[in-house]
Amino acid sequence: MEHAPRTTPWDRRLLLICGSAAAVATTWFVLTFFIGPAGPAVAGWLVAPLCTAVAAITAWQTSADLGVPRPARRFWRWLTAALGVLSLSLVSQIADALNADLSMTMRVGPLTGVLHFAATVLIVWPMLRLPWGAPSRGKLIASVIDIAILVCGAGIFFWHFAAQLLFENAAGASYATGVLLTGSGLLALTATAKLAVTASATLDGGSLRALRYAFLIGPAGAALAPLLVAKPYLDTSLLIMPVGSVLVMIAAQRQAAAGVTAQPPDRRIRHWSPFAYAVAAATNGLLIAVVAQHSSDVLPVTAAAVTLTTLVIARQVASMRENERLVTQLDENMLALRLKEERFRSLVQNSSDIVTVTQRDGTIEYLSPAVRRMLGTDPEELTGTNFIHRVHPEDLPIVKENLGRIAELPGATITYQVRLAHADGSYRMFEITLANLLHEESVRGLVSNTRDVTETVEAHERLSYEANHDVLTGLVNRALFSERVEAAVRHARPERPISIVLVDLDDFKIVNDTLGHGVGDALLVSVAERMQATVRPTDTVARLGGDEFAILFEGLASTAVDRVLNRIADALAVPADIGGHLLSAQASFGVVDGRGGDDPGNLLRQADIAMYEAKERGDGGYQRYRPGSQVRGVERHRITEALAAGLERQEFLLHYQPVVSLPDGTLTGVEALVRWMHPKRGLLGPGEFIPGAELTGMIVPLGAWVLREACRQAAAWIAELGDQAPGTVAVNVSARQLQTPGFADEVAGTLHAVGLAPSRLIIEITESIALGGEGTHQALQALRALGVRLSLDDFGTGASTLSLLANCAVDQIKLDRSFAPGAGPDAIAGAVLHLATAMGVEAVAEGVETPAQAARLGDLGYVRAQGFHFARPMTAELIAVAITEPALMMPVESLPARS
């Protein structure tokens, strides 16, 4: 967590107080130096420890500021301790002067010397710990030599002007004090030298500069020591400490103000050191002075001058070697730069993308050779022309907008797509990444990387189109249609109504099964084209899947929608030549009118309900949604859901209607009829739930259960009754069951599982099922191959009866109940019997309800019949009883004759 740097008004007041005190101390020092003491000297002495203590407080505040980096806080903690000890040493020095005599002569006692040495160590230690950074070996040697030159030069001046005075006539404690002060001075010089030549990232640059000035005050002030020999009431520390404290406070507050954003000092690399020459020259000047004055310290000054000269020579040698290393490194860098430039040039020249440098207005200054391959033009032909001239007119606003925007943003990058003219006159789509390098001296232009994305864009558009359109017909698909319905509902107004129509082709599956999916697909395409041609361009025609379509009308009145639907129905009824077949289509339309605020999902569901109502009528046409329609749709849905639950809870059962022989009425077989024992509605006949099962596909599992149960019961009767058991059991099978892959295998497995002979099972199908396609015919052939008998139910009601008998091999036909003999002529019943006899199949009369019908059928020659006259459908238990006691099965009016 970052903390904001702390600089408060109180900090600024402390700096003002210390600065004012330093100004007072300087003024007092100058006046006292020139005119002598003008009052108690102790008043001037007290400013130095006071300023040092205030500086210690400021340093401590900086060390405690969490906004300052941790290494810098550690440095300022050490400096706080040093300034505190230094303040105590100054107080001790004043006490020494007060105890010496009443003349107020400045003296340095043993305790003062120890405290001064300790303060110097505490100051020097953190400065010596400041890191060197990461200099090269040559720079490190040069820095060490610079420090040695500074220490040596400053040290000889400190010795000549100050330190030797401490040892003159010194003995005992005074001598020790001189040693401590001299040692501390040398340590301070070493640390100051390191601070002067080392640029550290630990401290802020401004803070580091202030510290350097603060620590250079000491050696500068020491030069005044010879001038104070005759003025014992003055000491250089009385001037050095206040001024140095102010500089330390400035450094501390600068560090706190910088906080975590502190910047390292600016480092200027010099390969020669004017400072070293200046120190050497000054020392040589001092040597000349002491020789001329026959001073007693000629030897130390001479030694220092020789040492400095040696160090300067070493510094120059180090600089020369560093220069040689830098020259070598520069040559290597230049070679590496040339290699990089050559590599970059090679990459640009051989790049698959076009690299372009243009002026602010789009004038081309450079083009890579890739333009030849992408646009069919040589780079030289385009250089100097304006890039905009190649842009597609419709994309010009995009280009001008991006050029204008990027030109105002130095260093920014932008990516956009435009069409550019090819030499052959065509346009190709390109993706341009444009960077503003106008501010770069080496470029001074707009640099772009241009990539041909024509194929990518076309593929994306194709995928986007396919994601929203039907692949076969090219119409809008379900997803896009739903989006357009939602948009239409949002924009619907009283003057702009909307209508949604769901369209389902009737008996389309027969086309697929009989003529193949290729013909079926072609019919769907024809239907889509005719629907699209009939509606307005603003209307939406969609294919939702299979043979289901949808239409969205906007701004069209209900009566006008009805007229359009009639035109569509008429257009679909016109036969079309599809694969050599003349085919027409009949469709059922469900219509719902919507308005603003309606739920799009509910509208689609309501249109679906209306469409199924139209489909249930069986004559095509359209049905508009009515409020009650939803209730009926919900009821069908509820029953459909209950079918699955009923199968799981075993709520279904079979009743069996006897098939008897004529004229004696002996039971020869049964027909299995499914019933549903509904937990709330009681016993339901097939008309209550079979339509829902057919629509939802639940007829397949339900039919499979009926087949298994009927076969199981037939096998049980044989085991119980032997030869008296019904000879056959008939099971009605739906079209969906026959079209289910492996249906014949399912029948074979069931017969094998219950141990029933195939000849005892009759599969009943209707004429519409018999008209099914290749899959249905294969299933029927497989059943006959098993030995299962086939029966054509409701015979005589279809339009293809005669062709069915010729093409669909069955073992039995059942005369529909509508042709049972009555009061009128019975020619149809007789003709059907003669036809069946001629084709070699068995004829069974259905729907026999009176004795007269039974007698007439017997006279015509029918030997099998079933109907309420003989028996109603009954449970398996009652069938067994009827076999053992036939009187229970006979109709009521026949019982006296039988008795």
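Okay, so let's go over this structure.

What counts and what doesn't
Residues numbered from 1 in each chain as written. Predicted model: local features only at pLDDT ≥ 70, side-chain atom pairs only at ≥ 80, totals over all residues. Heavy atoms only, no water. Helix = DSSP H or I, 4+ residues; strand = E, 2+ residues; numbered from the N terminus. Pairing = 2+ DSSP bridges. Axes fitted to C-alpha atoms, helices over the stretch in contact; angles between N-to-C directions. Parallel < 35°, antiparallel > 145°, perpendicular 65-115°, else oblique. Left-handed = near helix turned anticlockwise from the far one by under 90°. Contact = heavy atoms within 4.5 Å. Nonpolar A, V, L, I, M, F, W, Y, C, P; charged D, E, K, R; others polar. Buried < 20%, exposed > 50% of the residue type's maximum accessible area, 1.4 Å probe, protein only. Core = buried A, V, L, I, M, F, W, Y, C linked by side-chain atoms within 4.5 Å. Polar contact = N/O pair within 3.5 Å; in protein donor to acceptor, adjacent residues only side chain to side chain. Phe/Tyr/Trp six-rings, centres within 6.5 Å; stacked < 30°, edge-to-face > 60°. Lys NZ or Arg CZ within 6 Å of the ring centre and 35° of its normal. Salt bridge = Lys/Arg side-chain N within 4 Å of Asp/Glu carboxyl O. Expected span 1.5 Å × (residues − 1).

So, about unusual backbone geometry. In the segment running from L662 into P663, the intervening peptide bond is cis, with an omega of 10°. Here P663 shows up in the loop between strand 13 (652-661) and strand 14 (667-678).

Across a sheet, paired strands are connected by hydrogen bonds in the backbone, their directions being either parallel or antiparallel. Reading across the sheet, the five strands line up as 7-8-6-11-12 and stay open at both edges, with mixed pairing between neighbours. Edge positions in the sheet fall to strand 7 (540-545) and strand 12 (621-624), since each has one partner strand and no second. Each adjacent strand pair in this sheet contributes to an overall mean axis angle of 20°, direction not counted. Note that strand 7 and strand 8 (residues 548-554) share five bridges and pair antiparallel. Following the sheet pairing, R543 is matched in strand 8 by F549.

In this section: the packing of helix 23 (residues 699-721) against helix 25 (residues 743-754). For the pair helix 23 and helix 25, the least separation of the axes is 9 Å and the interaxial angle reads 30°. Compared by their axis directions, helix 23 and helix 25 come out roughly parallel. Taken as a pair, helix 23 and helix 25 cross one another with a handedness that is right-handed. Contact with helix 23, carried on its side by A704, L707, R708, C711, R712 and A715, involves E746, V747, T750, L751 and V754 of helix 25 and no other residues of that element. Residue composition of the contact of helix 23 with helix 25, by class: seven nonpolar, one polar and three charged.

Residue placement: S87 occurs in helix 4 (residues 70-100). Given a relative accessible area of 11%, S87 falls into the buried group. Apart from the residues within four sequence positions on either side, S87 is in contact with P49, T52 and A53.

Here we come to the nonpolar core. Judged by nonpolar contacts, the single largest core of 72 residues is most densely connected at L761, L783 and Y862. Of all the elements, helix 23 adds the most residues to this core, at 10 residues. Excluding residues that lie within four positions of it along the chain, L783 makes contacts with L738, F743, A744, V747, I763, V788 and L790. Formed by 42 residues, the second largest nonpolar core is a distinct cluster that contains A48, L122, V248 and A251.

In this fold, D562 is placed in helix 19 (residues 558-573). Setting aside its immediate chain neighbours within four residues, D562 contacts Y622 and R624.

This next bit is on the environment of T80. Note on placement: T80 falls in helix 4. As for T80 and A55, which are separated by 25 residues in sequence, their C-alpha atoms are 8.0 Å apart. A polar contact of 3.1 Å, which involves the side chain of T80, links it to the backbone nitrogen of W60.

On to the packing of aromatic side chains. The geometry of two aromatic rings is summed up by the distance between their centres and the angle between their planes. For the structure shown, the criterion picks out six aromatic pairs. Each ring, one from F652 and one from W676, has its centre 5.1 Å from the other, and the planes form 25°; the classification is stacked. A residue pair is termed long-range when its members are at least 10 positions apart, and F652 in strand 13 and W676 in strand 14 qualify at 24 residues. A relative accessible area of 1% means that W676 is categorised as buried. Connected via pairs of aromatic rings, a cluster forms that spans F652, W676, F689 and W705. Directly above the aromatic system of F868 lies the positively charged group of R872, at a separation of 4.1 Å from the ring centroid.

A separate point is the pattern of salt bridges. Counting across every chain of the model gives 21 salt bridges. Put simply, R451 and D353 hold a salt bridge, and the shortest N to O gap is 3.3 Å. Within this pair, whereas R451 is found in strand 5 (residues 445-452), its partner D353 is found in the loop between helix 11 (298-350) and strand 1 (354-358), the two being separated by 98 residues in sequence. On the accessibility criterion, R451 (42% relative accessible area) is partly exposed. With its nearest N and O atoms 3.6 Å apart, the salt bridge here joins R864 to E842.

What follows concerns the packing of helix 18 (residues 517-534) against helix 19. The geometry of helix 18 relative to helix 19 is characterised by a closest axis approach of 9 Å and an angle of 145° between their N-to-C directions. In terms of crossing hand, the pair formed by helix 18 and helix 19 is right-handed. Touching V527, R530, M531 and T534 of helix 18 are V564, R567, I568, A571 and L572, all from helix 19. Considering only residue class, the contact of helix 18 with helix 19 consists of six nonpolar, one polar and two charged.

With antiparallel pairing, the five strands of this open sheet are ordered in space as 2-1-5-4-3. Each edge of the open sheet carries a strand with a single partner, namely strand 2 (364-367) and strand 3 (413-421). Strand-to-strand twist in this sheet, taken as the mean axis angle between neighbours without regard to direction, amounts to 25°. Both strand 4 (residues 427-437) and strand 5 contribute to a ladder of eight bridges, which runs antiparallel. Opposite E431, over in strand 5, you have R451 as the bridge partner. Along the sheet, helix 14 (residues 396-407) makes contact with strand 3, strand 4 and strand 5, crossing strand 3 at roughly 150°.

Note that an α-helix has 3.6 residues per turn; residues three or four places apart therefore point the same way. Over its 23 residues, helix 23 extends 32 Å from the first C-alpha to the last, a length consistent with the 33 Å expected when each residue adds 1.5 Å. Residue G722 follows helix 23 closely and has a positive phi angle near 65°.

In a regular helix each residue adds 1.5 Å, so 18 residues correspond to 26 Å; helix 18 covers 26 Å between its end C-alpha atoms and thus fits that length. Those residues of helix 18 not exposed but buried are V519, G520, L523, L524, S526, V527, A528, M531 and T534.

Of all five residues that make up strand 1, five are buried, and the element is covered over most of its length. Residue alternation in strand 1 divides its side chains into two sets, I354, T356 and T358 and V355 and V357, and both sets are buried. Of the strand pairs in this sheet, strand 1 and strand 5 are connected by five bridges, and their pairing is antiparallel. Along strand 5, the bridge assignment pairs T356 with S448. Where strand 1 hands over to strand 2, the hairpin turn is made up of five residues, of which G362 adopts a positive phi near 100°.

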